[in-house]
Amino acid sequence: MASKKQNPFGVMAGCMPTPSVDMSMFLRPQARMAEALLKQNIETLDFLKTRFERDRSMLADLADAKDPNEAMALWTTFWQRMLSDYSTETNKLAASVTEIAEQAVRTATEEGNAIISATGKKD
C-alpha cells in the first residue's frame, strides 16, 4: 500500500501565525480609485456620444442646405460649437485627472497605513 505524502507547504503554513486582518482596509482604497477612473470614463463616453450626435445632425442639416451661404453659416456654427464643446470637456478632464492623482496619493497612504496596522510595525 502506497503511503500518503504530506504537502510540505501545508505543514509549513500550519506552523506560521496568520494575523487576523480586515481585508476591507486594503480593498476600500482600491475600490475608490477604480470608481474615480470609471466615473472619468463615463464622462468621456457621454461627451463623445453627445458630440457624435451633433456631428450627425450637422451633416443632415448640411445636406438640406438650399444655398452656399446657408451651408457656410451651418459650418461656422458647427465649428464654433465644436471648439467650445472640446474646450469645456478638456477643462473637465483636467480637473478629473487632478482629482484622480490626488486619489492615488490618498490610496497609497491608506494602503501603507493598512499594512503598518496589519503588521503591527511602527517607526
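Reading the values: rules and limits
- Residues numbered from 1 in each chain as written.
- Predicted model: local features only at pLDDT ≥ 70, side-chain atom pairs only at ≥ 80, totals over all residues.
- Heavy atoms only, no water.
- Patch = residues over 30% accessible without salt bridge, like charges linked within 9 Å, V, L, I, M, F, W, Y side chains within 5 Å.
- Areas by Shrake-Rupley, 256 points an atom, 1.4 Å probe, with all protein chains shown as cover.
- Salt bridge = Lys/Arg side-chain N within 4 Å of Asp/Glu carboxyl O.
- Lys, Arg positive; Asp, Glu negative; His and termini not counted.
- Charge placed at Lys NZ, Arg CZ, Asp CG, Glu CD.
- Helix = DSSP H or I, 4+ residues; strand = E, 2+ residues; numbered from the N terminus.
- Expected span 1.5 Å × (residues − 1).
- Buried < 20%, exposed > 50% of the residue type's maximum accessible area, 1.4 Å probe, protein only.
- Contact = heavy atoms within 4.5 Å.
- Axes fitted to C-alpha atoms, helices over the stretch in contact; angles between N-to-C directions.
- Parallel < 35°, antiparallel > 145°, perpendicular 65-115°, else oblique.
- Nonpolar A, V, L, I, M, F, W, Y, C, P; charged D, E, K, R; others polar.
- Phe/Tyr/Trp six-rings, centres within 6.5 Å; stacked < 30°, edge-to-face > 60°.

J.: What's the story with a negative patch on the surface in this structure? I'm lost.
T.: A surface patch of like charges, here negative, comprises D61, D64, D67 and E70. Within the fold, D61 resides in helix α2 (residues 24-63).

J.: Is there a simple way to explain helix α3 (residues 68-119) in this structure?
T.: Along an α-helix, residues three or four positions apart point the same way, because every turn accommodates 3.6 residues. With 52 residues, α3 extends 74 Å from end C-alpha to end C-alpha; this agrees with the ideal 76 Å at 1.5 Å per step. Residues A71, F78, M82, D85, E89, S96, I100, Q103, T107 and A114 constitute the buried set of α3. Summarising the contacts, the buried residues of α3 are in contact with α2. Phi for G120, located one or two positions after α3, is positive at around 75 degrees.

J.: Would you mind going over α2 with me for this structure?
T.: With 40 residues, α2 ought to run about 58 Å at 1.5 Å a step, and its terminal C-alpha atoms sit 57 Å apart, in line with that. Those residues of α2 that fall on the buried side of the exposure criterion are P29, M33, A36, Q40, F47, R51 and M58.

J.: Can you help me understand the packing of α2 against α3 in this one?
T.: Angle between the axes and distance between the axes: these two values describe a pair of packed helices. Interaxial distance between α2 and α3 falls to 8 Å at its minimum, and their mutual angle equals 175 degrees. With respect to α3, the axis of α2 lies roughly antiparallel. A breakdown of the residues in the contact of α2 with α3 according to their chemical character gives 22 nonpolar, seven polar and 12 charged.

J.: I would appreciate a short explanation of the side chain of R51 in the present structure.
T.: Take R51: it is sitting in helix α2. With sequence-adjacent residues up to four places away left out, R51 is seen in contact with F78, R81, M82, D85 and Y86.

J.: In this structure, what is going on with the packing of aromatic side chains? I would like to understand it.
T.: The relative placement of two aromatic rings is captured by the distance of their centres and the angle of their planes. Evaluated as defined, the whole model comprises four aromatic pairs. Relative to F78, the ring of W75 has its centre 6.0 Å away and its plane inclined at 85 degrees; by these criteria the two rings are edge-to-face. Taken together, the residues span about one helical turn, with W75 and F78 both in helix α3 at a distance of three residues. Centroid distance W75 to W79: 6.2 Å. Interplanar angle 20 degrees. Geometry classified as stacked. Residue W75 and its partner W79 are both found in helix α3; the two are separated by four residues, about one turn of the helix.

J.: In this structure, what is going on with a nonpolar patch on the surface? I would like to understand it.
T.: Together, M72, W75 and W79 make up a nonpolar patch on the protein surface, roughly 330 Å² of accessible area in all. Within the secondary structure, M72 is located in helix α3.

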